[in-house]
Amino acid sequence: MLKEKVEKILVNQIGKEAYSSNLYLAMASWAECNGYPGIAQWMYAQSGEERMHMLKFVGYINERGGKAVIPAIEEPPSAFKNVTDLFKQTMEHEQYISEAINEIVAVCNEEKDFSTHQWVQWFVNEQIEEEASVSNILDRLNLIGDNGNLYLFDRDIMGMRNSGGAEA
Ligand code: OFO
């Protein structure tokens, strides 16, 4: 059985993962409408992964005798200044999620729930990878600069997702 405090923070995370999925879906839609099919593809894939993360939390909570309640989700932004802004917001969001995952680890320690502690390590590693892949994209955008060729960047990022290079 899950302890109350652990269950509460895990249920909370369902909402955060669901929001992540919708946020990246909103970003995918923005990219599609603004002529960036590669970025759209990257964001659609990211949105799908976040939904998978959400389902992992739902499954784990129920498997451990808890109740995975599905919360209401806040509307994500639908307009972004430019591509760099899009990925800066992605980075900020991933850092926020990493903190949320760390908080789960802290609660597991407090409550001596070593099974959940072990289970959540997958997410700890996932966050390291996600932050690294977004940081890599921001580095590329930085190299390109404000007047750089975003057409090529867009092709490039599409290739990254296809080859698994930007796996997040
Ligand atoms: Fe962005 O990763 Fe979920 O947790």
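You'll find the structure just up there.
Every value quoted in this text rests on a predicted model; they were computed, and no experiment measured them.

Just checking my understanding: could you explain the environment of Pro77 for this structure?
Residue position: Pro77 is located in the loop between α2 (37-63) and α3 (83-110). In contact with Pro77, not counting residues within four places along its chain, are Tyr19, Leu23, Ala26 and Gln89.

Is there a simple way to think about the nonpolar core in this case?
In globular proteins that are soluble, nonpolar side chains generally tend to be buried together. Residues Ile39, Met43 and Phe87 are the most contacted members of the largest nonpolar core, which totals 24 residues. Of all the secondary structure elements, the ones that give two or more residues to this core are α1 (4-33), α2, α3, α4 (114-144) and α5 (150-163). When residues of this core are assigned to their parent elements, the largest contribution, seven residues, is made by α1. Contacts of Ile39, omitting those with residues within four sequence positions, involve Ala31, Val83, Leu86, Phe87, Phe153, Asp154 and Ile157.

Is there a simple way to think about the packing of aromatic side chains in this case?
Describing an aromatic ring pair means giving the distance of the ring centres and the angle of the ring planes. All told, the structure shown has nine aromatic pairs when counted by the stated rule. Aromatic pair Phe57 and Phe123: ring centres 4.5 Å apart, planes at 40 degrees, arrangement tilted. In this pair, Phe57 is assigned in helix α2 and Phe123 in helix α4, connecting sequence segments 66 residues apart. Here Phe57 matches Phe123 in class, with each residue buried. Ring geometry for Trp119 and Phe123: centres 5.4 Å apart, planes at 55 degrees, overall tilted.

Would you explain the pattern of salt bridges in this entry?
Pairs can form between side chains of opposite charge once their charged atoms are near each other. This structure, assessed with the given rule, holds two salt bridges. As a salt-bridge pair, Arg140 and Asp156 come within 2.4 Å of each other at their nearest N and O atoms. Of this pair, Arg140 sits in helix α4 while Asp156 is found in helix α5, placing the two residues 16 residues apart along the sequence. The partly exposed category is assigned to Asp156, whose relative accessible area is 36%.

Whenever I open this one, the packing of α1 against α2 confuses me. Can you help?
Any two packed helices are characterised by the angle at which their axes cross and by the distance between the axes. In contact at an axis separation of 8 Å, α1 and α2 are set at 165 degrees when each is read in the N-to-C sense. On the basis of the axis angle, α1 is roughly antiparallel to α2. The way α1 lies across α2 gives a crossing that is left-handed. Each residue belonging to the contact of α1 with α2 can be placed in one class, and the counts come to 18 nonpolar, seven polar and five charged.

Explain α2 to me, please; I cannot follow it from the model alone.
Turn by turn, an α-helix covers 3.6 residues, leaving residues three or four places apart pointing in a common direction. The terminal C-alpha atoms of α2, which comprises 27 residues, lie 39 Å apart, in line with the 39 Å expected from a rise of 1.5 Å per residue. Gly65 lies just past α2 and shows a positive phi near 85 degrees.

Would you mind going over unusual backbone geometry with me for this structure?
Residues other than glycine predominantly adopt negative phi, and peptide bonds predominantly adopt the trans conformation. For Lys112, which is not glycine, the phi torsion reads 55 degrees and is therefore positive. With respect to the element layout, Lys112 can be found in the loop between α3 and α4. Overall, Lys112 belongs to the exposed group, its relative accessible area being 59%.

Can you walk me through the environment of Lys67 in this structure?
Checked against the element boundaries, Lys67 lands in the loop between α2 and α3. We classify Lys67 as exposed; its relative accessible area is 61%. Distance in space between the C-alpha atoms of Lys67 and Gln121 is 21 Å, their sequence separation being 54 residues. Lys67 has contacts with Glu7, Val11, Ile61 and Asn62, leaving out every residue within four places of it along the chain.

What counts and how
Residues numbered from 1 in each chain as written. Predicted model: local features only at pLDDT ≥ 70, side-chain atom pairs only at ≥ 80, totals over all residues. Heavy atoms only, no water. Helix = DSSP H or I, 4+ residues; strand = E, 2+ residues; numbered from the N terminus. Contact = heavy atoms within 4.5 Å. Core = buried A, V, L, I, M, F, W, Y, C linked by side-chain atoms within 4.5 Å. Buried < 20%, exposed > 50% of the residue type's maximum accessible area, 1.4 Å probe, protein only. Phe/Tyr/Trp six-rings, centres within 6.5 Å; stacked < 30°, edge-to-face > 60°. Salt bridge = Lys/Arg side-chain N within 4 Å of Asp/Glu carboxyl O. Axes fitted to C-alpha atoms, helices over the stretch in contact; angles between N-to-C directions. Parallel < 35°, antiparallel > 145°, perpendicular 65-115°, else oblique. Left-handed = near helix turned anticlockwise from the far one by under 90°. Nonpolar A, V, L, I, M, F, W, Y, C, P; charged D, E, K, R; others polar. Expected span 1.5 Å × (residues − 1).

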